[in-house]
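Report on the structure
Spelled out from the first residue to the last, the chains are:
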Amino acid sequence: MTNENGRFGIHGGQYVPEILMNAVNELEEAYNHYKNDPEFQRELTTLFNEYANRPSLLYYAEKMTKDLGGAKIYLKREDLNHTGAHKINNVLGQALLAKKMGKTRLIAETGAGQHGVASATAAALMGMECVVFMGEEDTIRQALNVYRMRLLGATVVPVKSGTATLKDAVSEAMNEWTNRIEDTHYCLGSVMGPHPFPTIVRDFQAVISKEIKEQILAKEGRLPDAVLACVGGGSNAIGAFYHFIEDEGVRLIGCEAAGRGIDTFETAATVNTGRVGIFHGMKSYFCQDEYGQIAPVYSISAGLDYPGVGPEHAHLYDIGRAEYVPVTDDEAVDAFEYLAKTEGIIPAIESAHAVAYAKKLAPTMGKDQIIVVNLSGRGDKDCAAIARYRGEDIHE
Amino acid sequence: MNKLKTAFDHGKAAVTFLTCGDPDLDTTAAAIRTAVENGADLIELGIPFSDPTAEGAVIQEASLRALKNGVTTDRVFDFVRELREDVTVPMVFVTYANVVYSYGAERFLSSCRDVGVDGLILPDLPYEEKEEFLSVCRRYDVALISTVTLVSAKRIPMIAKEAEGFLYVLANGGGSRTADEAHAALGQVMKTVREYTDIPCAVDFAYASPEQAARFAALADGVIASSDAVKLLAEHGSAAPAYIGDYVRSLKNGISV
């Protein structure tokens, strides 16, 4: 899907300061070498299978299917991965790559904290130093994950600038990379930022759709009719979509965080409300005002609370290959509780956005049709926040 | 004929950066006039951006102060048009690619020519991505300024060869260095640069004193004080122009010896 300059249609590119160009070029060169290196791929597969608990289950959600009375619903259980989310797939790949490149220090941004925890985990495993940048607002929303990162030996830097959320954490991590390139790899957590990150992260996450395809063919002997995933930057979604892009019969549906609704300013639904722009190293869709000032977005989910979307998603939208639908806070919280009660699975509030759309979509489809929902993470981290949302104050 | 090069006609050039509208447009106008009266040869005027990812805290905060005060791209153009009635020193805009892209490159650069802005610096637009903006800049005779850094290494020849207006030489960042180390690294960079271009070069460094600025200026054609005036604005607000005048005077005197 990528051309040589890291473009996906008009999107993507490398809009970074000159001071970072050698770093991104060095990364691209190293990646192009190692992605075709059987030894690297073998090591990564071993890490996936022996450490991260891959392949993850493709679970038939029978009760949910019966309750909704339409399409058959399968859940891709990325929540069962080590560290509790899909983020580990990318992080193990990048940490291994960084190590091969001779880097001794990983820096990362994090929103909900899942990517930060995954980065801290990989750093601990591989004996690297780790510094995680996290919006101060998010360190409060996700206090448990802050503690987990520290426990794993990482330093967590609360970012106070701007809206003190994911976008500011990305800016701060990029800035830190500018100051210290020699020994440091910036382990970007989503399919965003300057080339080659959208491609690297996509490739490491594509294991999700590779497995879904094998598993659904084994279970059902056919491809699904729709694959659903939540989209912030879009890494779990592109991972779940990638090996189905050429299969025109499979609908690819990204579920964006609409916050309080796409007709309000308190939303993070980038494709639904944004315009094409240039930010954080890439051309893509961004929530912005008429002068191109990046909008202070909002979602109950810290992991989807980002004003942009990965360039490959922007392209899939432009060419009509994938659909992007808005899901509100209310709908996501309902789905969070629904899945817990119906299937005994507590999803991450991010993933609950995809579950919410499955609840709407399944009844409109036939019983002979199949939906796969990518359950990108587990929801333990969200329990206190959801309790608060429901007016209950619990102490973690 | 683009008049940017004339900024380097009066000895080593003193380049001053100000964020437009920090803390308000009247203060920015007063600061620019005072800077020019005290020897500033080139003004870099920042159009505030919500997320100036390549900047440190000083300029980030200035940008947010300006935006909070309602500064927009349209108001910046009006401001420069008015300023140009008496201020003739070369001026360049510094902003982020999205500000120009969102306004429309064509509309943005034709407005630059109309109000008399001579160049454009986009910190998040590297050599590889410049084409999209360069063709429009050329059409309106606005120089798209290129940057080299102390870690640009083998990228310097291609950047220097195609540089227009003046070359922005960033001597901060890319690792921690003492002033002496940065000075030595700058010497190496300038040696390579000079093999590929004869356009003026201005050096951006966190100068500790006019004497230090003079040492760096000796290696190039001018110095860029990218955050000093902004710091004075953060400290003194609308009373800052007098301090900025003193600062620019001592800088210009320092590099002129």
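Quick note: structure is the one above.
Quick look at the structure, then. Just so it is clear, the structure is predicted and the values come from calculations on it, not from any experiment.

Points about the packing of aromatic side chains
In this structure the tally under the stated criterion is 21 aromatic pairs over all chains. Between Phe 93 of chain B and Phe 108 of chain B, the aromatic rings sit 6.0 Å apart at their centres with planes inclined by 55 degrees, giving tilted as the arrangement. Of this pair, Phe 93 of chain B sits in strand β3 (residues 91-94) while Phe 108 of chain B sits in helix α5 (residues 105-115), placing them 15 residues apart in sequence. Under the relative-accessibility criterion, Phe 93 of chain B is labelled buried at 1%. Its relative accessible area of 0% is what places Phe 108 of chain B among the buried residues. The lysine or arginine in question, Lys 72 of chain A, covers the ring of Tyr 60 of chain A, its NZ or CZ lying 5.0 Å from the ring centre. Positioned over the ring face of Tyr 338 of chain A is Lys 359 of chain A, at 4.7 Å from the centre of the ring.

Observations concerning helix α5 (residues 114-126) of chain A
Residue and element names in this part refer to chain A. The end-to-end C-alpha distance of α5, which contains 13 residues, comes to 18 Å, matching closely the 18 Å that a straight helix rising 1.5 Å per residue would cover. Counting buried residues in α5 gives 11 out of 13 residues, a clear majority hidden from the surface. All buried positions along α5 are accounted for by Gln 114, His 115, Gly 116, Val 117, Ala 118, Ser 119, Ala 120, Thr 121, Ala 122, Ala 123 and Met 126. Looking at the packing, one finds that the buried side of α5 touches α2 (38-51), α4 (87-100), β5 (105-110), β6 (129-135) and α7 (143-151).

With respect to the packing of helix α1 (residues 25-37) of chain B against helix α11 (residues 240-256) of chain B
Residue and element names in this part refer to chain B. Axis separation between α1 and α11 bottoms out at 8 Å; the angle between their running directions is 25 degrees. It follows from the interaxial angle that α1 and α11 lie roughly parallel. Of the two possible hands of crossing, α1 and α11 adopt the one that is right-handed. Contacts between α1 and α11 involve Thr 27, Ala 30, Ala 31, Thr 34, Ala 35 and Glu 37 on the former and, on the latter, Pro 241, Ile 244, Gly 245, Val 248 and Arg 249. A class-by-class count of the residues in the contact of α1 with α11 yields 6 nonpolar, 3 polar and 2 charged.

Re the sheet that holds strand β4 (residues 119-121) of chain B
Residue and element names in this part refer to chain B. Taken together, the 9 strands give an open sheet; going across it, the order is β5-β4-β3-β2-β1-β9-β8-β7-β6, and neighbouring strands pair in parallel fashion. Two strands lie at the open edges of the sheet, namely β5 (143-144) and β6 (146-149), each paired on one side alone. Pairing of strand β1 (residues 13-19) with strand β2 (residues 42-46), which is carried by 5 bridges, proceeds in the parallel orientation. The residue bridging Thr 19 from the neighbouring strand is Gly 46, located in β2. Where α1 meets the sheet, it contacts β1 and β2, and its direction lies at approximately 160 degrees from that of β2.

Considering the packing of helix α10 (residues 228-236) of chain B against α11 of chain B
Residue and element names in this part refer to chain B. Remark: α10 packs on α11, axes separated minimally by 9 Å, with the N-to-C direction vectors making an angle of 150 degrees. What the angle tells us is that α10 and α11 run roughly antiparallel. Regarding α10 and α11, the two cross each other, and that crossing is right-handed. Between α10 and α11, the contacting residues are Asp 228, Ala 229, Leu 232, Leu 233 and His 236 on the first element and Ala 240, Tyr 243, Ile 244 and Tyr 247 on the second. Its residues assigned to classes, the contact of α10 with α11 shows 7 nonpolar, 1 polar and 1 charged.

Some details on the side chain of Thr 83 of chain A
Position of Thr 83 of chain A among the secondary structure elements: in the loop between β4 (72-77) and α4. Contacts of Thr 83 of chain A, omitting those with residues within four sequence positions, involve Ile 88, Gln 114, Val 117, Ala 118, Thr 121 and Arg 148 of chain A.

Observations regarding the interface of chain A and chain B
Accessible area lost on assembly of the parts is the figure often given for the size of an interface. Listed per partner, the contact involves 34 residues of chain A and 41 residues of chain B. Regarding the contact of chain A and chain B, the summed buried area is about 2,800 Å², with carbon and sulfur atoms giving 49% of it. Notably, a salt bridge pairs Asp 51 of chain B with Lys 167 of chain A, separated by 2.5 Å at the nearest N-O pair. For the interface between chain A and chain B, the tally reads 22 residue pairs in polar contact (both at pLDDT 80 or more). For the side of chain A that touches chain B, the secondary structure elements donating two or more residues are β2 (11-15), α1 (18-34), α8 (166-179) and β11 (275-279) of chain A. Per element, the largest residue contribution to the side of chain A that touches chain B is 6 residues, and it comes from α8 of chain A. Each residue belonging to the side of chain A that touches chain B can be placed in one class, and the counts come to 11 nonpolar, 15 polar and 8 charged.

Conventions and cut-offs
- Residues numbered from 1 in each chain as written.
- Chains lettered and ligands numbered in written order.
- Predicted model: local features only at pLDDT ≥ 70, side-chain atom pairs only at ≥ 80, totals over all residues.
- Heavy atoms only, no water.
- Phe/Tyr/Trp six-rings, centres within 6.5 Å; stacked < 30°, edge-to-face > 60°.
- Helix = DSSP H or I, 4+ residues; strand = E, 2+ residues; numbered from the N terminus.
- Buried < 20%, exposed > 50% of the residue type's maximum accessible area, 1.4 Å probe, protein only.
- Lys NZ or Arg CZ within 6 Å of the ring centre and 35° of its normal.
- Expected span 1.5 Å × (residues − 1).
- Contact = heavy atoms within 4.5 Å.
- Axes fitted to C-alpha atoms, helices over the stretch in contact; angles between N-to-C directions.
- Parallel < 35°, antiparallel > 145°, perpendicular 65-115°, else oblique.
- Left-handed = near helix turned anticlockwise from the far one by under 90°.
- Nonpolar A, V, L, I, M, F, W, Y, C, P; charged D, E, K, R; others polar.
- Pairing = 2+ DSSP bridges.
- Buried area = accessible area lost by both parts, 1.4 Å probe.
- Salt bridge = Lys/Arg side-chain N within 4 Å of Asp/Glu carboxyl O.
- Polar contact = N/O pair within 3.5 Å; in protein donor to acceptor, adjacent residues only side chain to side chain.

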